[in-house]
Amino acid sequence: MRSFIREKYKPKKSELVASFRVKLSNSISFEKCLDSIARESSIGTWTELCTLKKETAHKLGPKIFDLNEQKSSAKIAYPIALFEEGSIPQFLSSVCGNIFGMSDLKALRLDDVFFPEEYIKSFKGPKYGIEGVRKTLRVKKRPLVGTIVKPKLGLNDKEHAKVAYNAWLGGCDIVKDDENLTSMKFNKFGKRVAFTLKMREKAEKETGERKAYMPNVTAETMEMLKRAEYVKKQGGRYAMIDIIASGFSALQTLREQDLGLIIHAHRAGHAAFTRNKQHGISMLVIAKLARLAGVDQLHVGAIFGKMEGGKREVREITRAITGKNALKPVFPVCSGGLHPGKVSPLIKALGCNIIIQAGGGVHGHPLGTIKGAKAMRQAIDGEMKGIPVQEYALMHKELAAALGKWGF
Ligand code: CAP
Ligand code: MG
């Protein structure tokens, strides 16, 4: 069978390049396995075809290069003509499709993808990005601070709005719904959004600061759109969506609708296929796709929190969604197990262009939500002034109480 291996190949800037690692099954060589992957993810199948013309194979055939048998890694360059412009589902069906289930391999990992500029430009990308979000919230330099209303589930609509209000009063810029809070019998979407946005207005008047509420619009696609439109009508500025649960198609639909809402992307469930470093798709690839689709904010990991994801990985993802390309940079969101004691190392690791969220780290504060939010804000202010957190805590009792409970 025709082989697509071109050891010394230098990909063109116009080609899409995927970096893979494979774990072979016993019956096949490294090269043969790579050929199977390249064929199945592009123009071929398991056998030679009498329907595939020579010219087509020449024009649209992939090229396998940078082979490293020791590391079991290789890159595949795909001609851009193989991909539909502006379609994440079609990309997923190709490069993230059948190949993960082939019996020729025990495991397959897609580590990274290089998207050519021409392809990137065919997507909408973020409407607001970092600059647009900062403008909306009128916060120039410091990291934004947010909370997730907790408990995750169980509060009714009015209780939810009250907790949000307290968090804003204490100093949070952003309050978001949790990923599994959508529209339940005990807390219906419509009422929750109306009450919480009303409290947002009150908090804005009382604090003189811009505040944001991120309602979770995750639902079946048509229902999701209805919810997003409702948020807009109620005067909301944001929609939050669980991008893995809803799917990239729904996310693209939300962005295409262009309701003018800032899109906050939660990634719950990504670890089902990103966590095993031998198999699946890396979070880096998911993050690049989310930027193409047009999220304005994306959860990237918190390094020091409750979720898996170390400094190297989180930095790499952050660079990928904020680095220069034809699309606006996405605001990286650090969340999961954070509290005031983790703010300083986080800013030192990632800089100030991040959103720091704490759910338990605000509502678990020994003196309640308002003081919990205050402590988070104090931790950020102290770090911005270059004052070590223990020292800043001597002058700020809310911060001191948080450090007393959770340490630093
Ligand atoms: C954080 C959070 C987020 C996680 C998800 C939660 O709450 O709201 O869903 O951050 O992880 O429910 O766990 P806490 P990631 O602050 O109470 O931990 O951001 O890594 O996708
Ligand atoms: Mg959550």
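Here's what I pulled together on the structure shown here. (Residues numbered from 1 in each chain as written. Chains lettered and ligands numbered in written order. Predicted model: local features only at pLDDT ≥ 70, side-chain atom pairs only at ≥ 80, totals over all residues. Heavy atoms only, no water.)

In total, this model carries 23 salt bridges according to the counting rule given. We note a salt bridge from Asp177 to Arg192, for which the minimum N-O separation is 3.0 Å. Within this pair, whereas Asp177 is found in the loop between strand 6 (174-176) and helix 7 (189-207), its partner Arg192 is found in helix 7, the two being separated by 15 residues in sequence. The class for Asp177 is buried, based on a relative accessible area of 0%. Here the salt bridges share partners, and the residues they tie into one network are Lys150, Lys152, Asp178 and Glu179. (Salt bridge = Lys/Arg side-chain N within 4 Å of Asp/Glu carboxyl O. Helix = DSSP H or I, 4+ residues; strand = E, 2+ residues; numbered from the N terminus. Buried < 20%, exposed > 50% of the residue type's maximum accessible area, 1.4 Å probe, protein only.)

What follows covers the packing of aromatic side chains. Any aromatic ring pair is given by two values, namely how distant the centres are and how the planes are angled relative to each other. Summed over the entire model, instances satisfying the criterion amount to eight aromatic pairs. For the pair Tyr78 and Phe83, a centre-to-centre distance of 5.9 Å together with 85° between the ring planes defines the contact as edge-to-face. For the pair shown, Tyr78 and Phe83 are each scored as buried. A centroid spacing of 6.3 Å and a plane angle of 55° characterise the contact between Phe189 and Tyr230, whose relative ring orientation is tilted. Of this pair, Phe189 sits in helix 7 while Tyr230 sits in helix 8 (residues 221-233); the two residues are 41 residues apart in sequence, bridging distant segments of the chain. A relative accessible area of 3% means that Phe189 is categorised as buried. Counting every residue linked through ring pairs, the aromatic cluster contains Tyr78, Phe83, Phe91, Phe115, Tyr119 and Phe123. Positioned above the aromatic ring of Phe189, the side-chain terminus of Arg227 is 5.5 Å from the ring centre. (Phe/Tyr/Trp six-rings, centres within 6.5 Å; stacked < 30°, edge-to-face > 60°. Lys NZ or Arg CZ within 6 Å of the ring centre and 35° of its normal.)

The strands making up a sheet associate through hydrogen bonds between their backbones, and the pairing can be parallel or antiparallel. As summarised here, the arrangement of the five strands in space is 2-3-1-4-10, forming an open sheet in which the pairing is mixed. What marks the edges here is a single partner per strand, and that holds for strand 2 (63-68) and strand 10 (280-281). Taken together, the eight bridges between strand 1 (residues 16-24) and strand 4 (residues 105-114) define a ladder with antiparallel strand orientation. Its bridge partner lying in strand 4, Val17 is registered against Phe114. Packing of helix 3 (residues 88-95) onto the sheet brings it into contact with strand 1, strand 3 (73-78) and strand 4, and relative to strand 1 it is tilted by some 35°. The sheet strands contacting helix 12 (residues 283-293) are strand 4 and strand 10, and the helix crosses strand 4 at an angle near 45°. (Pairing = 2+ DSSP bridges. Contact = heavy atoms within 4.5 Å. Axes fitted to C-alpha atoms, helices over the stretch in contact; angles between N-to-C directions.)

Here we take up the pairing of strand 2. One ladder, built from four bridges, connects strand 2 with strand 3; its direction is antiparallel. Across the sheet, Ile64 pairs through a bridge with Ile76, a residue of strand 3. Counted along the chain from strand 2 to the antiparallel partner strand 3, the turn is four residues long, and its residue Ser72 has a positive phi close to 60°.

For the rest of this paragraph, the subject is the layout of surface pockets. Roughly 450 Å³ of volume is contained in the largest pocket. Considering the residues around the largest pocket, the lining is formed by 28 residues, among which His266, Lys306, Met307, Ser335 and Gly336 are closest to the centre. Looking at the lining of the largest pocket, its residues break down into seven nonpolar, 12 polar and nine charged. Computed from the structure, the second largest pocket encloses a volume of approximately 320 Å³. Taken together, 13 residues make up the lining of the second largest pocket; nearest its centre are Asp111, Lys277, Arg312, Glu313 and Glu316. Elements supplying a minimum of two residues to the lining of the second largest pocket: strand 4, helix 12 and helix 13 (311-322). The element that contributes the greatest number of residues to the lining of the second largest pocket is helix 13, accounting for four residues. (1 Å grid on protein atoms, 1.4 Å probe; cavity = no way out; pocket = protein on both sides within 12 Å on 5 of 7 lines; lining within 4 Å. Points joined across faces, edges and corners; volume = space filled by probe spheres on them. Nonpolar A, V, L, I, M, F, W, Y, C, P; charged D, E, K, R; others polar.)

For the rest of this paragraph, the subject is the packing of helix 6 (residues 157-170) against helix 16 (residues 369-384). Two elements in contact, helix 6 and helix 16, have axes separated by 7 Å at closest approach and are oriented at 40°. Accordingly, the angle class assigned to the pair helix 6 and helix 16 is oblique. The interaxial crossing formed by helix 6 with helix 16 has right-handed handedness. In this structure, helix 6 contributes Val163, Asn166, Ala167, Leu169 and Gly170 to the contact, and helix 16 contributes Thr369, Ile370, Ala373 and Lys374. Classifying every residue of the contact of helix 6 with helix 16 by side-chain character gives five nonpolar, three polar and one charged. (Parallel < 35°, antiparallel > 145°, perpendicular 65-115°, else oblique. Left-handed = near helix turned anticlockwise from the far one by under 90°.)

It is worth spelling out the site of ligand 1 at this point. Taken together, 16 residues lie near ligand 1, and Lys150, Arg267, His299, Lys306 and Gly337 sit nearest. Between Arg267 and ligand 1, the recorded distance is 2.7 Å, taken from a side-chain N or O atom to an oxygen atom. For ligand 1, an oxygen atom lies 3.0 Å from a polar atom in the backbone of Gly336. In isolation ligand 1 offers 480 Å² of accessible surface; the protein chains occlude 94% of this area. Put simply, ligand 1 lies in the largest pocket. A class-by-class count of the residues in the shell around ligand 1 yields three nonpolar, seven polar and six charged. (Near = heavy atom within 4 Å. Polar contact = N/O pair within 3.5 Å; in protein donor to acceptor, adjacent residues only side chain to side chain. Areas by Shrake-Rupley, 256 points an atom, 1.4 Å probe, with all protein chains shown as cover. Sits in = over half its atoms within 2 Å of the grid points.)

Note that Arg377 resides in helix 16. Those residues in contact with Arg377 that sit more than four places away from it in its chain are Arg142, Val145, Gly171, Asp173 and Glu209.

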